[in-house]
Amino acid sequence: MIRFYKEHDYGSASRRAADILSAQMILKPDSVLGLATGSTPVGTYQELIRRYQEGRISFAEITSCNLDEYVGLGGDNDQSYRYFMNHNLFDHVDIDKSRTFVPDGLDPDHEAACRKYDEIVKSVGGVDLQLLGIGHDGHIGFNEPGDSFDKGTHIVDLQESTIRANSRFWGGDESKVPKQAITMGIATVMSAGKILIMACGEDKRDIITRAFRGPITPKVPASALQLHPCVFVVGDEAAMGDLVKD
Ligand code: GLP
């Protein structure tokens, strides 16, 4: 089942995504949430914080597993994804931080760090609901085009286009962007019970359409989601185009 939610703008798309996450948290208070970074989910996190402050949802029993992290950045670096999650969500809700997991970008033994992260995801019982954004080249997490669909957590060399897109967080200086990342693989993402992928803005229209209307191919990593039994695609009018609500 793939369900499309075409919302008016970024704010209503963020509220819709927060509805789906909140429903999961209410129905299963000890859910394992797969969480994502990037600018797209920021509004969703703000909405979840608001609902927490109003007493409508609680993170007290929630476990979270993030998708990815830059190699070489620790949690105190303000460009790390651990820092992002603390800053944009965890510091503002009642989550137990010892149950928030982000791949370890500092472990010099990359292979061990990847296996360790797969073990963590397994030991918490797998992800119930995985939130995703999408890169302009169709990447999810940091699974760049060409990565096969059957990988667990692994190290990736970032594409030039991804480095360029993410350099906005380093004042536009591409040389400062880490060249590698540690990411859950497509197989890890696909093992989640439900998937919620967000796309907002005109610049995401082409890739989100290719992901759900084009061929299923590792050249468009997000196209693997067509094979998943339960996917919610949430976006604004600018991104969703002809992808419409069922
Ligand atoms: C990064 C992240 C992805 C994210 C993508 C798009 O590369 N690793 O998880 O989906 O950026 O980000 P944005 O939402 O800012 O467009």
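Quick note: structure is the one above.
In this report, we go over the structure that sits alongside the text.

Within the structure, the ligand sits among 13 residues, and Ser 39, Thr 40, Asp 68, Arg 168 and Lys 204 are positioned closest to it. Here Gly 141 contributes a backbone N or O atom positioned 3.2 Å from a nitrogen atom of the ligand. Between the ligand and Lys 204 there is a distance of 2.6 Å, counted from an oxygen atom to a side-chain nitrogen or oxygen. Surface burial for the ligand is 94%, taken as the share of its 390 Å² of free accessible area covered by protein chains. When each cavity is represented as a set of grid points, the ligand is found to reside in the largest pocket. Residue classes in the shell around the ligand are distributed as three nonpolar, seven polar and three charged.

Moving on to the sheet that holds strand S10 (residues 231–236). Strand order in the open sheet formed by seven strands is S1-S10-S9-S6-S2-S3-S5, and the pairing between neighbours is parallel. Two strands bound the open sheet, and with one partner strand each, they are strand S1 (2–7) and strand S5 (100–101). Across four bridges, strand S2 (residues 32–35) lies against strand S3 (residues 63–66) in parallel orientation. Its bridge partner being in S3, Val 32 is matched across the sheet by Thr 63.

The next point concerns the layout of surface pockets. Looking at the largest pocket, its volume works out to about 440 Å³. Around the largest pocket sit 28 residues that line it, and Gly 38, Ile 134, Gly 135, His 139 and Lys 204 are the ones nearest its centre. Counting residues per element, the lining of the largest pocket draws most heavily on helix H5 (residues 160–166), which supplies four residues. Here the residues of the lining of the largest pocket are counted per class, giving 11 nonpolar, 12 polar and five charged.

Time to look at the sheet that holds strand S7 (residues 154–157). With antiparallel pairing, the three strands of this open sheet are ordered in space as S4-S8-S7. Two strands bound the open sheet, and with one partner strand each, they are strand S4 (68–70) and S7. In this sheet, neighbouring strand axes are inclined to one another by 25° on average, regardless of whether the strands run parallel or antiparallel. Sheet topology note: the S7/strand S8 (residues 180–183) ladder contains four bridges and is antiparallel.

This next bit is on the nonpolar core. Phe 59, Leu 89, Leu 196, Ile 197, Phe 212 and Leu 225 are the most contacted members of the largest nonpolar core, which has 60 residues in total. Per-element accounting of this core gives the leading share, six residues, to helix H1 (residues 10–27). The contact partners of Phe 59, leaving out residues within four places of it in the chain, are Met 25, Leu 48, Tyr 52, Leu 89, Val 93, Asp 94 and Ile 95. One finds Tyr 70, Leu 73, Tyr 81 and Val 156 within the second-largest nonpolar core, a separate group that totals 10 residues.

The rules behind each value
Residues numbered from 1 in each chain as written. Predicted model: local features only at pLDDT ≥ 70, side-chain atom pairs only at ≥ 80, totals over all residues. Heavy atoms only, no water. Near = heavy atom within 4 Å. Polar contact = N/O pair within 3.5 Å; in protein donor to acceptor, adjacent residues only side chain to side chain. Areas by Shrake-Rupley, 256 points an atom, 1.4 Å probe, with all protein chains shown as cover. 1 Å grid on protein atoms, 1.4 Å probe; cavity = no way out; pocket = protein on both sides within 12 Å on 5 of 7 lines; lining within 4 Å. Sits in = over half its atoms within 2 Å of the grid points. Nonpolar A, V, L, I, M, F, W, Y, C, P; charged D, E, K, R; others polar. Pairing = 2+ DSSP bridges. Helix = DSSP H or I, 4+ residues; strand = E, 2+ residues; numbered from the N terminus. Points joined across faces, edges and corners; volume = space filled by probe spheres on them. Axes fitted to C-alpha atoms, helices over the stretch in contact; angles between N-to-C directions. Core = buried A, V, L, I, M, F, W, Y, C linked by side-chain atoms within 4.5 Å. Buried < 20%, exposed > 50% of the residue type's maximum accessible area, 1.4 Å probe, protein only. Contact = heavy atoms within 4.5 Å.

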